[in-house]
Amino acid sequence: MKLMMISMTLLAAATIAACGTTTASRTGSGAALGAATGAAVGSLSGNAGKGALIGAGAGALGGYVHDRNEKSKEQQRW
């Protein structure tokens, strides 16, 4: 059951990872993805809420960094 939950979370992560074209949408989708992943992993250790909070923060940061990277690539093309 735990392996299935982790697998489903990773599948959702791969699906949502490319969402958004603006800073806000990429940061938001990263936060949502991080929260879901954090909750799933946190539930395995018995603290889903704490895992969701940590995951949301990490996901938002990851989404923001991804957005900056994508915008940097766009500027280099032009």
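This one's a predicted model, so the numbers in the text were calculated from it and none came from an experiment.

1. Details of the pattern of salt bridges
Inference 1: One pass over the full model with this rule turns up four salt bridges.
Inference 2: Arg68 is paired through a salt bridge with Asp67; the nearest N and O atoms lie 3.0 Å apart.
Inference 3: Looking at Arg68, the relative accessible area reads 38%, which means it is partly exposed.
Inference 4: On the basis of relative accessibility, which here comes to 0%, the residue Asp67 falls in the buried class.
Inference 5: A salt bridge links Lys73 to Glu70; its shortest N-O distance comes to 3.2 Å. In this pair, Lys73 and Glu70 both sit in helix 3 (residues 48-77), three residues apart, roughly one turn of the helix.
Inference 6: Judged by its relative accessible area of 18%, Glu70 is buried.
Inference 7: One network of salt bridges, in which partners are shared, links Arg26, Asp67, Arg68 and Lys71.

2. Some thoughts on a nonpolar patch on the surface
Inference 1: Together, Leu61, Tyr64 and Val65 give the surface a local cluster of nonpolar side chains, amounting to about 300 Å² of exposed area.
Inference 2: Mapped onto the elements of the fold, Tyr64 is located in helix 3.
Inference 3: Of the residues examined, Tyr64 reaches a relative accessible area of 41% and is grouped as partly exposed.

3. Re helix 2 (residues 23-45)
Inference 1: In this model helix 2 runs 32 Å from its N-terminal to its C-terminal C-alpha over 23 residues, within 8% of the 33 Å that 1.5 Å per residue would give.
Inference 2: For helix 2, the complete set of buried residues consists of Arg26, Ser29, Gly30, Leu33, Gly34, Gly38, Ala40 and Gly42.
Inference 3: Note on helix 2: the residue one or two positions beyond its end, Gly46, has a positive phi of about 95°.

4. Re the environment of Ala52
Inference 1: Along the chain, Ala52 falls in helix 3.
Inference 2: Sequence separation between Ala52 and Ala40 is twelve residues, and the spatial gap between their C-alpha atoms is 7.9 Å.
Inference 3: With near-sequence residues (within four places) excluded, Ala52 lies in contact with Ala35, Gly38 and Ala39.

5. Concerning the confidence of the model for the protein chain
Inference 1: Chain-level pLDDT for the protein chain is 77 on average; 76% of the residues reach the 70-or-more range.
Inference 2: Per-element averaging of pLDDT across the protein chain places helix 1 (residues 2-16) at the bottom with 63 and helix 3 at the top with 85.

6. A short note on the environment of Gly51
Inference 1: Along the chain, Gly51 turns up in helix 3.
Inference 2: Taking C-alpha positions, Gly51 is 7.4 Å from Ala35, a pair spaced 16 residues apart along the chain.
Inference 3: With sequence-adjacent residues up to four places away left out, Gly51 is seen in contact with Gly38, Ala39 and Gly42.

The rules behind each value
Residues numbered from 1 in each chain as written. Predicted model: local features only at pLDDT ≥ 70, side-chain atom pairs only at ≥ 80, totals over all residues. Heavy atoms only, no water. Salt bridge = Lys/Arg side-chain N within 4 Å of Asp/Glu carboxyl O. Buried < 20%, exposed > 50% of the residue type's maximum accessible area, 1.4 Å probe, protein only. Helix = DSSP H or I, 4+ residues; strand = E, 2+ residues; numbered from the N terminus. Patch = residues over 30% accessible without salt bridge, like charges linked within 9 Å, V, L, I, M, F, W, Y side chains within 5 Å. Areas by Shrake-Rupley, 256 points an atom, 1.4 Å probe, with all protein chains shown as cover. Expected span 1.5 Å × (residues − 1). Contact = heavy atoms within 4.5 Å. pLDDT = per-residue confidence, 0-100.

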